[in-house]
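Chain residues, written in single-letter form:
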Amino acid sequence: MINLVYNEMLKIVRKKRLFIIAAIVAVLVSLFTYAQLKQIETIRERIGTTDWRTQLQQQIIDTQNRLNSTGISEEWKKFLKIRLQQQQYYLDNDINPMAPGAPTFMRMFIENSIELFLPLLVMVIAADLVSSEASGGTIKLLLTRPVKRWKILMSKYIAMILSTSFIVFSVAILSYAISGIVFGYGGWNLPLLTGFSIQGEELNTAAVHLIPQWKYLLIEFGLAFFVSLVVGTLTFMLSVLIRSTAAVMGIMLAALISGAILSSMVSSWESAKYLFMVNLRLTSYISGMAPPIDGMTLSFSMMVLATWALVALIVSFYVFTKRDVY
Amino acid sequence: MEETLVVQNVRKNIGKKEIIKGLSFSLKKGEVFGFLGPNGAGKTTTIRMLVGLIRPTSGTISICGYNLQKQFTKAIQHIGCIVENPELYPYLSGWENLEHFARMVPGVTMHRIQEVVELVGLQNRIYDLVRTYSLGMRQRLGIAQALLGKPTVLILDEPTNGLDPVGIREMRQFIRSLAEQEQLSVLVSSHLLSEIQLMCDRVAIMSKGEIIRIDTVEHLLQEQARTYWNVVPINTAKEILINETTVIGEKDGAIVTIYESNETIARCNARLIEAGVLVSGIERKLPTLEDLFIELTGGETID
């Protein structure tokens with residue numbers, strides 16, 4: 001089995017996939033770092049102070065103004081109200097949620113990439129794991145070895161898990177290393193609030209407590225890893241079912257993007273919460289953002305994702321071990 | 001002689017259509033067995049069933065005594081194969097490709113890889129990427145890959161496809177030497193009769209999912225060989241020939257008779273000359289695949 005996994009990893013590495021992904025991450029992190037830097041400068045100029053309390057107060061006033069303006073949707077209003085309460089809570093408890101530093105940037109980066117960017121990277125690896133063997137014809141050589149078919153597929157699945165780990169890990173390392181050049185490498189122990197839960201329009205702060213940023217990051221990256229695995233498994237299934245890598249990527253891309261769009265407009269379509277793509281923003285539950293559909297919780301989303309992944313895994317193995325190869 | 005691959009009454013349905021209709025044959029140790037048939041006759045489907053890529057609807061395939069369906073890993077261990085084109089990983093070198101497949105077979109050492117590389121004569125280019133290989137080199141690397149696990153049965157689908165004449169001859173000699181010296185059973189498929197004729201000991205002729213004939217090559221060809229007589233006047237010659245041998249008909253202004261032996265030809269020739277017939281040419285012709293087909297299937301053409 002170790003030999004088989006070694007083979008699969010060798011192929012992934014020699015196709016230069018991991019290298020390309022690391023390069024994409026590095027470029028994007030640099031871009032975001034620059035954007036973040038510009039944003040901080042702008043805020044500083046506008047408010048004319050570097051004091052975060054003043055900044056936060058300004059933000060609260062901004063949010064209130066937007067709330068009072070006419071013509072904004074009910075959903076958006078709800079979201080703003082929750083935001084407002086959260087910002088107020090930070091202010092009241094003397095916590096700077098935006099304290100600069102590489103760890104804060106990492107947090108921002110993972111929260112924004114968990115829904116689309118990270119799944120896309122995983123998809124690039126998982127999409128051609130099986131389909132490229134089928135379209136290249138090498139599947140015939142692979143399946144005529146004295147190795148059972150499920151073992152071959154299992155080695156590919158393990159390779160997918162390893163690559164996903166590599167991707168999440170490299171996102172963490174690169175976002176820390178690159179943003180640190182600008183923002184400094186400190187801030188691991190910054191206390192952050194978590195435990196928000198949302199009931200209707202109210203932000204329930206009863207369970208809110210402080211945890212150091214490193215712990216917070218650990219949780220968020222854990223969730224990001226989980227999401228990546230689920231997306232990887234779904235892509236893996238498509239890769240087994242479809243010969244064309246391009247088609248696999250197309251379908252997966254459509255699903256992921258539709259998820260991002262749906263999240264902002266499905267609040268009245270309740271059964272949409274069983275779709276995997278609206279459940280990808282797991283980090284929102286930690287930072288206390290309103291979920292796309294009422295009644296969704298962290299454990300609910302994780303259950304939905306896990307179920308999708310499990311079904312995909314069963315389908316992959318069933319089809320791969322049974323089907324005729326032409 | 002020991003039988004290495006035994007196929008019994010194998011069928012394959014796709015949907016309601018029966019595409020392979022009950023094949024039975026067996027391979028002996030040290031022989032080259034040819035699979036001859038036009039495109040679409042079911043050669044490749046049959047080969048895919050022999051190597052476990054397609055599950056037969058019914059029937060059994062056993063390799064060195066192991067049932068392919070029930071004891072897959074044990075049975076497949078004795079098979080080396082190339083199905084259709086030798087498709088390897090283009091982004092790996094030849095050596096890496098071989099290493100890759102060696103890792104999947106228990107007991108293949110570095111030494112063995114070196115051995116097969118030398119056997120197929122790829123020493124000079126083995127560390128280059130497969131992307132840069134010519135078709136002939138890929139074909140050879142494919143064979144190297146098939147030989148890695150020291151198989152007892154070697155299955156090659158159209159092994160001379162895309163090779164130049166020198167390459168074809170080399171491949172032929174190579175396959176013969178594997179059968180004669182290493183005592184492998186080799187199954188070769190082709191749609192070219194000339195190729196099968198030069199390479200194989202026995203041949204199975206397939207058409208529309210059935211084997212219509214299994215025989216030794218000499219037997220089959222002998223039976224189907226024809227003699228063409230270019231003679232003037234034709235009618236007189238025909239009367240004489242009818243008495244001496246079997247006349248089949250006329251083609252392109254020549255009389256066609258069944259080829260029996262060289263003695264018959266000499267005898268006939270003597271009679272014709274005695275009768276004053278001018279003989280400008282006597283030619284023994286082996287049947288083309290098309291002729292053989294029309295003959296064996298009673299009118300079915302290659303397509």
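It should be emphasised that the depicted structure is a prediction, and the values quoted were computed from it without experimental measurement.

Some details on the overall build of chain B
Along its length, chain B carries 11 helices and 14 strands. Seen along its three principal axes, the alpha-carbon backbone of chain B occupies a region of about 75 × 50 × 35 Å. Taking all 303 residues of chain B together, 50% fall into the buried category. Residue pairs at least 24 apart in sequence account for 66% of intrachain contacts in chain B once pairs closer than 6 positions are excluded. Here chain B displays about 13700 Å² of accessible surface, and carbon together with sulfur accounts for 48% of that area. Side chains of chain B carry 32 positive and 36 negative charges; the gap between the two charge centres is 7 Å.

Some words on the packing of aromatic side chains
When we look at a pair of aromatic rings, we describe it by the centre distance and by the angle of the planes. One pass over the structure, following the stated rule, counts 14 aromatic pairs over all chains. Summarising the aromatic geometry, the rings of B:Tyr89 and B:Tyr91 are spaced 5.9 Å apart at their centres and angled 50° between planes, so their arrangement reads as tilted. The two residues B:Tyr89 and B:Tyr91 agree in class, both being buried. Chaining the aromatic ring pairs together yields one cluster made of A:Phe32, A:Phe105, A:Phe109, A:Phe117 and A:Phe183.

Things to note about the domain arrangement of chain B
You'll often see interface size given as the accessible area lost when the parts meet. Per the domain assignment, the segments making up chain B are domain 1 (3–221) and domain 2 (226–285). Summarising the inter-unit geometry, the C-alpha centres of domain 1 of chain B and domain 2 of chain B are found 43 Å apart.

With respect to helix H8 (residues 217–224) of chain B
Buried within H8(B) are the following residues: B:Val217, B:Leu220, B:Leu221 and B:Gln224. Buried positions in H8(B), seen along its axis, are confined to an arc of 90° and lie on one side of it.

Things to note about a nonpolar patch on the surface
Residues and elements named next belong to chain A. A contiguous nonpolar patch, built from Leu253, Ile257, Ile261 and Met265 and spanning about 360 Å² of accessible area, is present on the exposed surface. With respect to the secondary-structure elements, Met265 resides in the loop between helix H11 (245–263) and helix H12 (283–287). Accessibility expressed as a relative area gives 53% for Met265, which makes it exposed.

Focus: the side chain of A:Lys140
Counting through the fold element by element, A:Lys140 comes out in helix H8 (residues 139–143). One polar contact links the side chain of A:Lys140 to the main-chain carbonyl oxygen of B:Val83, over a distance of 3.2 Å. A distance of 2.9 Å separates polar atoms of two side chains, one belonging to A:Lys140 and the other to B:Glu87. When residues no more than four places from it in sequence are discounted, the contact partners of A:Lys140 are A:Val325, B:Arg48, B:Leu53, B:Val83, B:Glu84, B:Asn85 and B:Glu87.

Some remarks on the UniProt feature "domain: ABC transporter" (unreviewed entry) in chain B
According to UniProt, the "domain: ABC transporter" (unreviewed entry) feature falls on residues 5–233 of chain B. Its end C-alpha atoms 54 Å apart, residues 5–233 of chain B is made of 34% helix and 31% strand.

Quick notes on the UniProt feature "transmembrane region" (unreviewed entry) in chain A
All names here are of chain A. Here the UniProt feature "transmembrane region" (unreviewed entry) sits at residues 18–37, 157–185, 216–241, 248–269 and 298–320. With 93% helix and 0% strand, the stretch residues 157–185 has end C-alpha atoms that lie 35 Å from each other. Overall, residues 216–241 shows 100% helix and 0% strand. The separation of its end C-alpha atoms is 38 Å.

As for the interface of chain B and chain A
The interface is formed by 30 residues belonging to chain B together with 29 residues belonging to chain A. In this assembly, chain B packs against chain A so that about 2900 Å² is buried in total across both faces, 58% of it on carbon and sulfur atoms. When the area that chain B buries against chain A is broken down by residue, the three leading residues are B:Leu53, B:Arg103 and B:Met104, summing to 25%. At the junction of chain B with chain A, the criterion picks out four salt bridges. Across the pair B:Glu84 and A:Lys140 runs a salt bridge whose closest N-O atoms are separated by 3.4 Å. Taken together, the connections running from chain B to chain A amount to 18 residue pairs in polar contact (both at pLDDT 80 or more). Of all the secondary-structure elements, those providing two or more residues to the side of chain B that touches chain A are strand E1 (3–14), helix H2 (72–76) and helix H3 (94–102) of chain B. Class assignment of the residues belonging to the side of chain B that touches chain A gives a composition of 17 nonpolar, six polar and seven charged.

Observations concerning the environment of A:Arg149
Locating A:Arg149 in the fold gives a position in helix H9 (residues 149–183). A:Arg149 sits in the buried class, given a relative accessible area of 11%. Once the C-alpha coordinates of A:Arg149 and A:Thr321 are considered, the two residues, 172 residues apart in sequence, prove to be 5.5 Å apart. In this view, A:Arg149 contacts A:Leu143, A:Phe320, A:Thr321, A:Lys322, A:Arg323, A:Val325, B:Gly52 and B:Leu53; residues no more than four positions away in its chain are not counted. A distance of 2.7 Å separates a polar atom in the side chain of A:Arg149 from the backbone oxygen of A:Arg323. A distance of 3.2 Å separates a polar side-chain atom of A:Arg149 from the backbone oxygen of B:Gly52.

Observations concerning the side chain of A:Gln213
Residues and elements named next belong to chain A. In this structure, Gln213 sits in helix H10 (residues 213–241). Relative accessible area serves as the criterion here: at 0%, Gln213 is assigned to the buried category. When residues no more than four places from it in sequence are discounted, the contact partners of Gln213 are Pro103, Thr104, Arg107, Gly187, Trp188, Asn189, Leu190 and Leu192.

A short note on empty space enclosed by the protein
Going through the model one piece at a time under the given rule, you end up with five cavities of 30 Å³ or more. In terms of lining, the largest cavity is formed by 15 residues, of which the most central are A:Arg145, B:Ile79, B:Gly80, B:Ala146 and B:Gly149. Per-element accounting of the lining of the largest cavity gives the leading share, three residues, to strand E6 (residues 79–82) of chain B. Counted by class, the lining of the largest cavity contains eight nonpolar, five polar and two charged residues. Here the second largest cavity defines a volume of roughly 40 Å³. Lining the second largest cavity we find B:Leu36, B:Leu193, B:Ile196, B:Gln197, B:Val203, B:Val217, B:Leu220, B:Leu221 and B:Leu292. In the lining of the second largest cavity, the residues fall into eight nonpolar, one polar and no charged.

So, the sheet that holds strand E4 (residues 58–63) of chain B
Taking strand neighbours across the sheet as the criterion, the four strands line up as E2-E1-E4-E5 (chain B) in an open arrangement whose pairing is antiparallel. Across the chains shown, the open sheet's two edge strands, defined by having one partner strand only, are strand E2 (17–28) and strand E5 (66–67) of chain B.

Section: helix H7 (residues 128–136) of chain A
Residues and elements named next belong to chain A. Of all nine residues that make up H7, seven are buried, and the element is covered over most of its length. Turning to H7, its buried residues number three or more, namely Asp128, Leu129, Val130, Ser131, Ser132, Glu133 and Ala134. Just beyond H7, the residue with positive phi is Gly137, at close to 85°.

As for the environment of B:Leu278
All names here are of chain B. Along the polypeptide, Leu278 turns up in strand E14 (residues 278–285). The class of Leu278 is exposed, set by a relative accessible area of 59%. Separated by 165 residues in sequence, Leu278 and Ile113 have C-alpha atoms that sit 63 Å apart. In contact with Leu278, other than residues within four places in its own chain, are Asn230, Val231 and Val232.

Cut-offs used in this document
Residues numbered from 1 in each chain as written. Chains lettered and ligands numbered in written order. Predicted model: local features only at pLDDT ≥ 70, side-chain atom pairs only at ≥ 80, totals over all residues. Heavy atoms only, no water. Helix = DSSP H or I, 4+ residues; strand = E, 2+ residues; numbered from the N terminus. Buried < 20%, exposed > 50% of the residue type's maximum accessible area, 1.4 Å probe, protein only. Contact = heavy atoms within 4.5 Å. Areas by Shrake-Rupley, 256 points an atom, 1.4 Å probe, with all protein chains shown as cover. Lys, Arg positive; Asp, Glu negative; His and termini not counted. Charge placed at Lys NZ, Arg CZ, Asp CG, Glu CD. Phe/Tyr/Trp six-rings, centres within 6.5 Å; stacked < 30°, edge-to-face > 60°. Domains from an automatic or database assignment. Arc of directions from axis to C-beta. Patch = residues over 30% accessible without salt bridge, like charges linked within 9 Å, V, L, I, M, F, W, Y side chains within 5 Å. Salt bridge = Lys/Arg side-chain N within 4 Å of Asp/Glu carboxyl O. Polar contact = N/O pair within 3.5 Å; in protein donor to acceptor, adjacent residues only side chain to side chain. UniProt positions renumbered as here; feature names shortened; annotations may be inferred. Buried area = accessible area lost by both parts, 1.4 Å probe. Nonpolar A, V, L, I, M, F, W, Y, C, P; charged D, E, K, R; others polar. 1 Å grid on protein atoms, 1.4 Å probe; cavity = no way out; pocket = protein on both sides within 12 Å on 5 of 7 lines; lining within 4 Å. Points joined across faces, edges and corners; volume = space filled by probe spheres on them. Pairing = 2+ DSSP bridges.

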